[in-house]
Amino acid sequence: MLKNIGERSAYRVGTVFDKPLLGLNGQKRISDMQLFRRVEFMPPGKEFRQLVDPVSALVQQQRLGKVGVTVSYADSQGQSFTERIVHD
C-alpha cells in the first residue's frame, strides 16, 4: 500500500525497494509497477493498494522477511523529503 498519511499533498512520490517484492507466486515484480516508481500527485489521505500473495504462499516459497523501502516526495514548495521504512 502507498498512502499519503500527511495533512498536505505530496508530489513526485517515488519508492525504491531494497529487494524485489514479488506477487503471483513469484511471477510478478510488484516493486517494479509504475505505482511504486512514480506518482505525480497524492492528496492527503489518498492511498493505493496492491494485493500480493497470501501469507501461506509466501511461507511456502520462503519469501517472508523484512523489506526495506525508501520513499521520496516533495511538498508544494518543491522541498524534497526522503524516508526509509523497514517492514516485516
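Higher on the page you've got the structure.
In this text, all values refer to a predicted model and were calculated from it rather than measured experimentally.

**Re the side chain of D75**
Link 1 in the chain: Here D75 is to be found in the loop between β7 (67–74) and β8 (80–87).
Link 2 in the chain: No salt bridge is formed by the buried D75; its nearest oppositely charged neighbour, R8, is found at 5.6 Å.
Link 3 in the chain: There is a polar contact of 3.0 Å between the side chain of D75 and the backbone nitrogen of Q77.
Link 4 in the chain: Residues in contact with D75, not counting those within four places in the same chain, are S9, Y11 and F81.

**Examining the sheet that holds β7**
Link 1 in the chain: Spatial strand order, β5-β2-β7-β8: four strands in an open sheet with antiparallel pairing. Edge positions in the sheet fall to β5 (39–42) and β8, since each has one partner strand and no second. When the angles between neighbouring strand axes are averaged without regard to direction, this sheet yields 30 degrees.
Link 2 in the chain: Both strand β2 (residues 10–17) and β7 contribute to a ladder of five bridges, which runs antiparallel. The residue bridging G14 from the neighbouring strand is S72, located in β7.

**Points about the side chain of N4**
Link 1 in the chain: Mapped onto the elements of the fold, N4 is located in the loop between β1 (2–3) and β2.
Link 2 in the chain: A polar contact is formed between the side chain of N4 and the backbone oxygen of P43, at a distance of 3.4 Å.
Link 3 in the chain: Ignoring any residue separated from it by four or fewer positions in sequence, one finds N4 in contact with S9, A10, M42, P43, P44, G45 and K46.

**Considerations on the packing of aromatic side chains**
Link 1 in the chain: In the structure shown here, the tally under the stated rule is three aromatic pairs.
Link 2 in the chain: Ring centres of F17 and F36 lie 5.5 Å apart, and the angle between their planes is 85 degrees; on these two criteria the pair is classed as edge-to-face. Of this pair, F17 sits in strand β2 while F36 sits in helix α1 (residues 34–37), and the two are 19 residues apart along the sequence.
Link 3 in the chain: Among the residues examined, F17 registers a relative accessible area of 16% and is labelled buried.
Link 4 in the chain: Relative accessible area serves as the criterion here: at 6%, F36 is assigned to the buried category.

**Some words on the environment of N4**
Link 1 in the chain: N4 sits in the buried class, given a relative accessible area of 9%.
Link 2 in the chain: In terms of polar contacts, N4 uses its side chain to reach the backbone carbonyl oxygen of R8, at 3.0 Å.

**Observations concerning the pattern of salt bridges**
Link 1 in the chain: Within the structure shown, the criterion is met by five salt bridges.
Link 2 in the chain: The partner of R84 in a salt bridge is D18, with the nearest N and O atoms 2.6 Å apart. In this pair, R84 sits in strand β8 while D18 sits in the loop between β2 and β3 (22–23), placing the two residues 66 residues apart along the sequence.
Link 3 in the chain: With relative accessibility at 48%, the residue D18 sits in the partly exposed group.
Link 4 in the chain: Residue R49 is joined to E47 by a salt bridge in which the shortest nitrogen-to-oxygen separation is 2.6 Å.
Link 5 in the chain: Taking the relative accessible area as the measure of exposure, R49 reaches 61% and is therefore exposed.

Each value, and the rule that gives it
Residues numbered from 1 in each chain as written. Predicted model: local features only at pLDDT ≥ 70, side-chain atom pairs only at ≥ 80, totals over all residues. Heavy atoms only, no water. Helix = DSSP H or I, 4+ residues; strand = E, 2+ residues; numbered from the N terminus. Buried < 20%, exposed > 50% of the residue type's maximum accessible area, 1.4 Å probe, protein only. Lys, Arg positive; Asp, Glu negative; His and termini not counted. Salt bridge = Lys/Arg side-chain N within 4 Å of Asp/Glu carboxyl O. Polar contact = N/O pair within 3.5 Å; in protein donor to acceptor, adjacent residues only side chain to side chain. Contact = heavy atoms within 4.5 Å. Pairing = 2+ DSSP bridges. Axes fitted to C-alpha atoms, helices over the stretch in contact; angles between N-to-C directions. Phe/Tyr/Trp six-rings, centres within 6.5 Å; stacked < 30°, edge-to-face > 60°.

These values are about where atoms sit, not about what they do.
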